[in-house]
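Residues per chain, in single letters:
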Amino acid sequence: MAKIMPGQLAKNKLTILLKGKLAATYPNVVKLRCLATQRSGYSDNYQYMQCSKVPTMHFQKSLPRLPIPEVEKSCERFLKATQPLLSPAQYADTEKIVQSFKQQEAPELNSLLKAKDEANKHTSYISEPWFDMYLKDRVPLPLNYNPLMVFNSDSRPEYHHQLIRGANLIISSLRYWRSLLDGQLEPEVFHMNPKKSDTESYRQWMRLTPQFVATYVSYAFKAYPLDMSQYERLFGTSRIPEAVKDRLVQNPKSKHIIVMRRGNIYAVDVLDSQGNIESSKEILGRLNMVVKLDESKKSAEVPLGILTAANRNEWAEIRKHLISHQVNNDLLTNQIDNALFCVCLDTPEDPVYSENDPIPLLKHFLAGKATNRWFDKSVSLLLGSDGTAAVNFEHSWGDGVAVLRYFNEIYKETVSKPFLSTQDLQSLPKIDSSKVRYLSFAIDDKLRAGVINVQRKHNDNVESLNTSFLRYPHLSKEICKRHRLSPDSIMQLSFQLAFRQAFNKYVGTYESCSTAAFKHGRTETMRPCTNKTKEFCETLLNPNSQNDFKRLRTLIDQCSTYHGQLTKEAAMGQGFDRHLFALRHMAQINDRPLPLLYNSEAYKLINYNIISTSTLGSEALLLGAFGPVVRDGLGVGYSMKSDVCGAFVTSYKDGCNGREFTNSLEKAFDRICKIIAESK
């Protein structure tokens, strides 16, 4: 997931906060409600996960806007990032191309970008083109876009039953959603010093602060509010396939979810007519009813969920035919598209988790057969027959920050105060059959042929995916902290060394960094392959200097410092990738010739991300994965925890050898650990 590293966001604006008595000057203070009344028999203690003193969107109006970097800076950063990938002759040519771009096309394109940004102050300059980038891409969602996050297990048997864990996750999800909708969810804030700012005193100050200055008051506490606009699309959202460009639809007032089992699809009501969460036993009973109904049926002969794994134009064409039948149109638009989220119940025939070999389950959860998935839903909860649970999410509507917050919150609640245990299976209420509806679609030969064709292509693609996993217990956050090193820098440096050892070259490397400190910020790219990481790798691999531990440690320190600088720049909207992306977009929408820069070897190399990485740091997370972004690339999901680090690597059989990379990564860890130990 994207990292957040806020710095000084406001500078001189902070001075306005220290003048006057804010509460007296602005009497219209938001008053939170956390009612003690009963609603449909259930107290607010059940309806809401949180009852925040500070309204959920309290900081949204005062968030700073994402800055547009200076053209000169973006060009300079581009040159530094591409230099390790180029020969001296290629770099000399690139310098000339960049100089021409900076003097000729860039000023006009940047003026157009600034004018458009000025006319759309409600959002960021990257938001629209970034949505378009996702929604216009025609490749299938699984492996190409949808990431996977697997929850840590709950070792207590009474909470690990598939239906119990599923019902608890559903209830916590709904409590999270209701808290968000009613403004009761705690705002997302990055605390630089939690002991001083993550306090009741801070929340009291924020509650009394008017919304239009709340962000800047928060900065005085060294607490940085983050954009929460994406959260509103977390539930009730579906990506609808259409020719050329997909669209997102949402029904936040929906009262049902969809539950899938063996390819069969059921609509299950989880909220009552007033929008309140049904009782815990009622939700468990309805989930149990799905299983009983499904056991009386055959597996879906034509599993329509597989269509969401198709090329988007192909799926758009099939969907157009599908909804031409009125029954299908009603079921698809009213029941599936409008559902709050999707729950997928796997059966004992499907892979389950094994600590010794987690790869089969990860591959199954990431893409699998896809007959029991609906990849177009914003969020899908996946439940293995052994109770292992995961989240697979559609990526266009939002980024990892929003999903990880939801992921962490529901995990924390389900393991600390679950509403149900296996004992509740013995006393389930009688279920109204109208609350659990089997979706019976009208299937014709064209649909059947379409499903068979898509399934064949998907199975071939999944079959071509190689996966490897490395758990390394000798390197951890604690060790990095003890030696004053950035854990993320060490991981990224290890990836560069591993690739150089295995394949004798350096390639375009992608690390996502969140720009959620700004209104409608998305992500910026951090480029971990640098001149400094290259210098370290070459020095280490040189027989004459590979045992010069003092020098190598100095180079590691330099890599860590520079990595931190790049991370801060990216988090503050001062990278170069999104800026150059937006300038190219300006050329396209304003019918300007595409500058030579965008067809240069350097631009192609830096944007052909052979190594695509994403950090998966969370105490709630067991494992995470995503597919490579290019056919001959690597998808590297990694984490460094307090006692261990590791990586899950995906690749394609006809591309880069992921297993060779993983083996080399273990050697890279060994070498770096030795340098750290020997240089004490």
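Residues numbered from 1 in each chain as written. Predicted model: local features only at pLDDT ≥ 70, side-chain atom pairs only at ≥ 80, totals over all residues. Heavy atoms only, no water.

The name an unreviewed UniProt entry assigns to the protein is Choline/carnitine acyltransferase domain-containing protein, from the organism Glossina palpalis gambiensis. Here is the UniProt Pathway (unreviewed entry) comment for the protein, exactly as written: "Lipid metabolism; fatty acid beta-oxidation." Of the protein, the UniProt comment under Sequence similarities (unreviewed entry) reads exactly: "Belongs to the carnitine/choline acetyltransferase family." (UniProt positions renumbered as here; feature names shortened; annotations may be inferred.)

K.L.:
Could you clarify how one ought to interpret the side chain of S218 in this entry?
P.N.:
If you trace the backbone, S218 turns up in helix 10 (residues 214-220). When near neighbours in sequence (up to four residues on either side) are disregarded, S218 contacts F59, Y202, M206, A223, Y224 and P225. (Helix = DSSP H or I, 4+ residues; strand = E, 2+ residues; numbered from the N terminus. Contact = heavy atoms within 4.5 Å.)

K.L.:
Explanation requested: the UniProt feature "domain: Choline/carnitine acyltransferase" (unreviewed entry) in the protein in the structure shown.
P.N.:
Under the UniProt annotation, "domain: Choline/carnitine acyltransferase" (unreviewed entry) lies at residues 66-667. For residues 66-667, helix accounts for 44% and strand for 15%, while the C-alpha atoms at its two ends are 40 Å apart.

K.L.:
What's the story with helix 7 (residues 162-181) in this structure? I'm lost.
P.N.:
Given 3.6 residues per helical turn, the α-helix brings residues three or four places apart onto the same face. With 20 residues, helix 7 extends 28 Å between its outermost C-alpha atoms, agreeing within 8% with the 28 Å of an ideal straight helix rising 1.5 Å per residue. The buried count for helix 7 comes to 19 of 20 residues, which makes it a mostly enclosed element. Residue G183 follows helix 7 closely and has a positive phi angle near 70 degrees. (Expected span 1.5 Å × (residues − 1). Buried < 20%, exposed > 50% of the residue type's maximum accessible area, 1.4 Å probe, protein only.)

K.L.:
Please explain the side chain of S651 as it appears in this structure.
P.N.:
Examined against the element boundaries, S651 turns out to sit in strand 20 (residues 645-652). Polar side-chain contacts of S651 include one of 3.4 Å to the backbone oxygen of C656. Those residues in contact with S651 that lie beyond four places of it in its chain are S464, L465, N466, P628, G633, L634, C656, N657 and G658. (Polar contact = N/O pair within 3.5 Å; in protein donor to acceptor, adjacent residues only side chain to side chain.)

K.L.:
Could you clarify how one ought to interpret the domain arrangement of the protein in this entry?
P.N.:
It is common to give the size of an interface as the accessible area lost on bringing the parts into contact. The assigned domain composition of the protein is domain 1 (71-122 + 473-679) and domain 2 (134-180 + 233-464). Using only C-alpha atoms to locate each centre, domain 1 and domain 2 end up separated by 34 Å. Each partner contributes to the interface: domain 1 provides 22 residues, whereas domain 2 provides 26 residues. A buried area of about 2,000 Å², summed over both sides, lies between domain 1 and domain 2, and 54% of it is on carbon and sulfur atoms. Counting the surface domain 1 buries against domain 2, the share from its top three residues, R522, A620 and L622, is 30%. Summed over the shared surface of domain 1 and domain 2, the number is two salt bridges. Residue D399 pairs with R522 through a salt bridge whose shortest N-O separation is 2.9 Å. (Domains from an automatic or database assignment. Buried area = accessible area lost by both parts, 1.4 Å probe. Salt bridge = Lys/Arg side-chain N within 4 Å of Asp/Glu carboxyl O.)

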